[in-house]
Amino acid sequence: MYCSDYLGELVKRADHIIDSLQATGRPLMFRDIAECETKSMRPGRDTVFLEWNTSGAVIWTAPNQSLHHVFHACLHLYRYWVEGVPQYWEQNKGCIGTVRALEACYEHMAVLPAEIAHFPEAYSYWVNYIEDGLFRCKDRPPSKAKSDMFQLYALAQTAFPRSQIAESIRDEAARHGWSDEFYELLQVIFKNYSDKAFVLENLTLYRLGKVPPTLGLRKIETVVGPDGVSIDQFVWTSLKDLRTPNVSETAEEPETEAV
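The structure displayed is predicted, hence computed values, not measured ones. Within any chain, residue numbers begin from 1 and follow the written order of that chain's sequence. Confidence filtering applies because this is a predicted model: local features only for residues at pLDDT of at least 70, side-chain atom pairs given and counted only at 80 or more, and all residues used for totals across whole chains, interfaces and linings. For the side-chain quantities, the full set of heavy atoms in the structure was used; hydrogens and water were omitted.

### Here we look at the overall build of the protein
Numbered from the N terminus, helices here are DSSP runs of H or I no shorter than four residues, and strands are runs of E no shorter than two. Broken down by element type, the protein carries nine helices and six strands. For the protein, with 259 residues in total, the buried portion stands at 47%. Note on contacts: a residue pair qualifies if any of its non-hydrogen atoms lie within 4.5 Å across the two residues. Looking at the protein alone, contacts between residues at least 24 apart form 66% of all its contacts between residues at least 6 apart. Each accessible area value is a Shrake-Rupley result obtained with a 1.4 Å probe; residue values ignore everything except the protein chains displayed when judging cover. When the accessible surface of the protein is totalled, it reaches about 13100 Å², and 50% of it is carbon and sulfur. Buried residues are those whose accessible area, probed at 1.4 Å on protein chains only, stays under 20% of the maximum for their type, while exposed residues exceed 50% and partly exposed ones sit between those limits.

Written out as structure tokens, the structure reads:
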């Protein structure tokens, strides 16, 4: 399958998602990932790379890519463009590094169940992804392994809580004595999921032990210019200005990784 064929194939499986993206009036293009020069992109067999802004989007992928990977990128875009979900954004660097990891942790809790519902073949891919991640945690320092394992735990408990890999993560967390805090933090996320700022602040505190003032959310908003023409633009708001009063300012075992 060539990149030009992806849109037609996706419409057959999830027309409401694709139709909604096209209804925004912003162009959505599919291009060969071999031509992508974005530095933060890491080529690989399963790589699909999404670039988007207020005026359009490009999904970089490879010919004959598994369709569920391409749909996964469309679901992320659907949340940003159609549902109006804000994106975690560091004021000076954007959505990279730790910020990108935490954004993915939050967004995948909504994206993966939808991806698997439309493409059941995605189930085995994500089970293997979590299994590989759990294996890699064993070679990391305790504080890094702990935060990474929680993200795998959250994903498994959301997408397939009764699977063998979800049980394996629970067992590994118990072995380290992390079960209670993993469970309690996940309950906070589940109960407050609609408040993305609150959830991301808690995740950042858990991972870094603090929330730098340059962290915030950017969201597309439509404004009317002096000429009366409506335009879409990004509006960034810092987490401190979105802060929920009961968020703690401290966390156990702070991680020193820079944002």
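### A closer look at the pattern of salt bridges
By definition here, a salt bridge exists when the distance from a side-chain nitrogen of Lys or Arg to a carboxyl oxygen of Asp or Glu is within 4 Å. Here the structure, examined in full by the defined rule, presents 14 salt bridges. Salt-bridge contacts for K144 lead to D148; the nearest nitrogen and oxygen are separated by 2.7 Å. Taken together, the positions of K144 and D148, both in helix α5 (residues 142–159) and four residues apart, correspond to about one turn of that helix. Among the ionic contacts, a cluster of salt bridges with common partners joins R79, E83, E103, E107 and K196.

### Things to note about the packing of helix α3 (residues 97–118) against α5
For helices, the fitted line uses only the C-alpha atoms of the stretch in contact; every axis is such a line through C-alpha atoms, and the angle between N-to-C directions lies from 0 to 180 degrees. Relative orientation of the contacting elements α3 and α5 amounts to 20°, with a least axis distance of 9 Å. By the criterion of interaxial angle, the relationship of α3 to α5 is roughly parallel. At the point where α3 passes α5, the crossing takes the right-handed sense. Residues A101, L102, C105, H108, M109, L112, P113 and I116 of α3 form the contact with α5, whose participating residues are Q151, A154, L155, T158 and A159. Geometric relationships in this document are graded by angle, where less than 35 degrees denotes roughly parallel, more than 145 denotes roughly antiparallel, 65 to 115 denotes roughly perpendicular, and other angles denote oblique. Handedness of a crossing follows from how the near helix is turned relative to the far one, being left-handed for an anticlockwise turn of less than a right angle and right-handed for a clockwise one.

### Remarks on the layout of surface pockets
Both site types are read off a 1 Å grid over the protein atoms alone. A 1.4 Å probe that fits but cannot get out defines a cavity, while an open set with protein on both sides within 12 Å along at least five of seven lines defines a pocket; lining residues have an atom within 4 Å of a point. Grid points are joined across faces, edges and corners, and a volume is the space filled by probe spheres set on the points. Reported here for the largest pocket is a volume of approximately 1600 Å³. Lining the largest pocket are 42 residues; nearest its centre among them are V48, R100, A101, A104 and H108. Only β2 (49–52), α2 (67–81), β4 (87–90), α3, α4 (122–137) and α5 provide two or more residues apiece to the lining of the largest pocket. Per-element tally for the lining of the largest pocket: the top contributor is α3, with eight residues. Put simply, Ala, Val, Leu, Ile, Met, Phe, Trp, Tyr, Cys and Pro go in the nonpolar bin, Asp, Glu, Lys and Arg in the charged bin, and everything else, Gly too, in the polar bin. When its residues are assigned to classes, the lining of the largest pocket shows 19 nonpolar, eleven polar and twelve charged.

### A word on helix α1 (residues 6–23)
With 18 residues, α1 extends only 18 Å from end C-alpha to end C-alpha; this falls clearly short of the ideal 26 Å at 1.5 Å per step. At any given residue, the bend is defined as the angle formed between two axes, one fitted to the seven residues that end at that position and one fitted to the seven that begin there. If you look at α1, its biggest bend is around 125°, right at A14. Buried within α1 are the following residues: Y6, L10, A14, I17, I18 and L21. Close packing links the buried residues of α1 with β1 (28–32), β3 (57–61), α2 and α3. Phi turns positive one or two residues past the end of α1, at G25, with a value near 85°. In this analysis, the expected span of each helix is defined as 1.5 Å times one less than the number of residues it contains.

### Some thoughts on the nonpolar core
Core analysis: the largest hydrophobic core is formed by 69 residues, its most contacted members being L10, L21, F150 and L203. Sorting elements by how many residues they give to this core places α2 first, with ten residues. In this view, F150 contacts F182, L185, L186, I189, L203 and Y206; residues no more than four positions away in its chain are not counted. Here, nonpolar core refers to any group of buried Ala, Val, Leu, Ile, Met, Phe, Trp, Tyr and Cys residues whose side-chain atoms link them within 4.5 Å. Core analysis: the second largest hydrophobic core is formed by five residues, I33, F49, V58 and W60 among them.

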